[in-house]
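Now for the letters of each chain:
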Amino acid sequence: MKGFDTTAINKSYYNVVLQNILETENEYSKELQTVLSTYLRPLQTSEKLSSANISYLMGNLEEICSFQQMLVQSLEECTKLPEAQQRVGGCFLNLMPQMKTLYLTYCANHPSAVNVLTEHSEELGEFMETKGASSPGILVLTTGLSKPFMRLDKYPTLLKELERHMEDYHTDRQDIQKSMAAFKNLSAQCQEVRKRKELELQILTEAIR
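As a starting point, this report considers the structure included with it.

How each quantity is defined
- Residues numbered from 1 in each chain as written.
- Predicted model: local features only at pLDDT ≥ 70, side-chain atom pairs only at ≥ 80, totals over all residues.
- Heavy atoms only, no water.
- Helix = DSSP H or I, 4+ residues; strand = E, 2+ residues; numbered from the N terminus.
- Buried < 20%, exposed > 50% of the residue type's maximum accessible area, 1.4 Å probe, protein only.
- Contact = heavy atoms within 4.5 Å.
- Areas by Shrake-Rupley, 256 points an atom, 1.4 Å probe, with all protein chains shown as cover.
- Lys, Arg positive; Asp, Glu negative; His and termini not counted.
- Charge placed at Lys NZ, Arg CZ, Asp CG, Glu CD.
- Arc of directions from axis to C-beta.
- Salt bridge = Lys/Arg side-chain N within 4 Å of Asp/Glu carboxyl O.

Broken down by element type, the protein carries seven helices and zero strands. What you see in the protein, going N to C, is helices and strands ordered as α-α-α-α-α-α-α. Expressed as a percentage of the 209 residues in the protein, the buried residues total 43%. Taking all contacts inside the protein whose residues are at least 6 apart in sequence as the whole, residues at least 24 apart take part in 79%. A total of about 11,500 Å² of accessible surface is found on the protein, and carbon and sulfur atoms cover 54% of it. Distance between charge centroids for the protein: 4 Å, based on 22 positive and 27 negative side chains.

Put into structure tokens, the structure is as follows:
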């Protein structure tokens, strides 16, 4: 009997963890949509900033947003299958090349976005507050724009949890392990890219001065 109990408990935990991945993925996707629809798109049409500065702020957030909505759908499809056929790791691995391109691009642009935020913090803060952001409005924007790499850093932990409560012989186990490694790798690459771009920007602005 004993062995059976742990399996049953693990199964229910596996589902709890899976639901958690799905819920947080959904929340993240909605947060991105809000940042875009409530603040960034209106900012685009407001002529408060030059189009170059707007495009630094936007980065490729529109593409990331569409991608994350698609990821939510793929994961939802995945959870509808019987547990033995659920390939969550497989799902992430399939989308990894696309994700890598999107997030590396985003992280390479982020230091430029931070620059714009710093240089135009007053008018951006005011604009954000007219759109309903709580004061200081600039903080809402800064946090919104750092969401993508904050989310990226959470994937390995979420997948590790899923793997812990998986049946030993689950077909998805290897793919979960592979995608954990891939996410860790991607996070590290993103940090590298951001540091490099920050340095480049520093050198540029010092040269101008």
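Within the span of helix H5 (residues 121–130), buried status applies to Leu124, Gly125, Phe127 and Met128. Looking straight down H5, one finds that the buried residues subtend no more than 165 degrees of arc, so they occupy a single side. Residues of H5 that are exposed and point more than 90 degrees away from the buried face comprise Glu122, Glu126 and Thr130. One or two positions beyond H5, positive phi appears at Gly132, with a value near 100 degrees.

Cis geometry marks the peptide bond from Ser135 to Pro136, where omega comes out at -5 degrees. Mapped onto the elements of the fold, Pro136 is located in the loop between H5 and helix H6 (137–164). Phi angles above zero are rare outside glycine, and Glu47 is one such case at about 60 degrees. By relative accessible area, which is 73% here, Glu47 ends up exposed.

The next thing to look at is the pattern of salt bridges. Close approach of charged atoms lets side chains of opposite charge pair. Under the criterion given, the structure shown has ten salt bridges. Residue Arg173 pairs with Glu163 through a salt bridge whose shortest N-O separation is 3.6 Å. Of this pair, Arg173 sits in helix H7 (residues 173–208) while Glu163 sits in helix H6, and the two are ten residues apart along the sequence. Accessibility expressed as a relative area gives 18% for Arg173, which makes it buried. Assessed through its relative accessible area of 8%, Glu163 is described here as buried. If you follow the salt bridges from partner to partner, you end up with Lys160, Glu163, Asp168 and Arg173 in one network.

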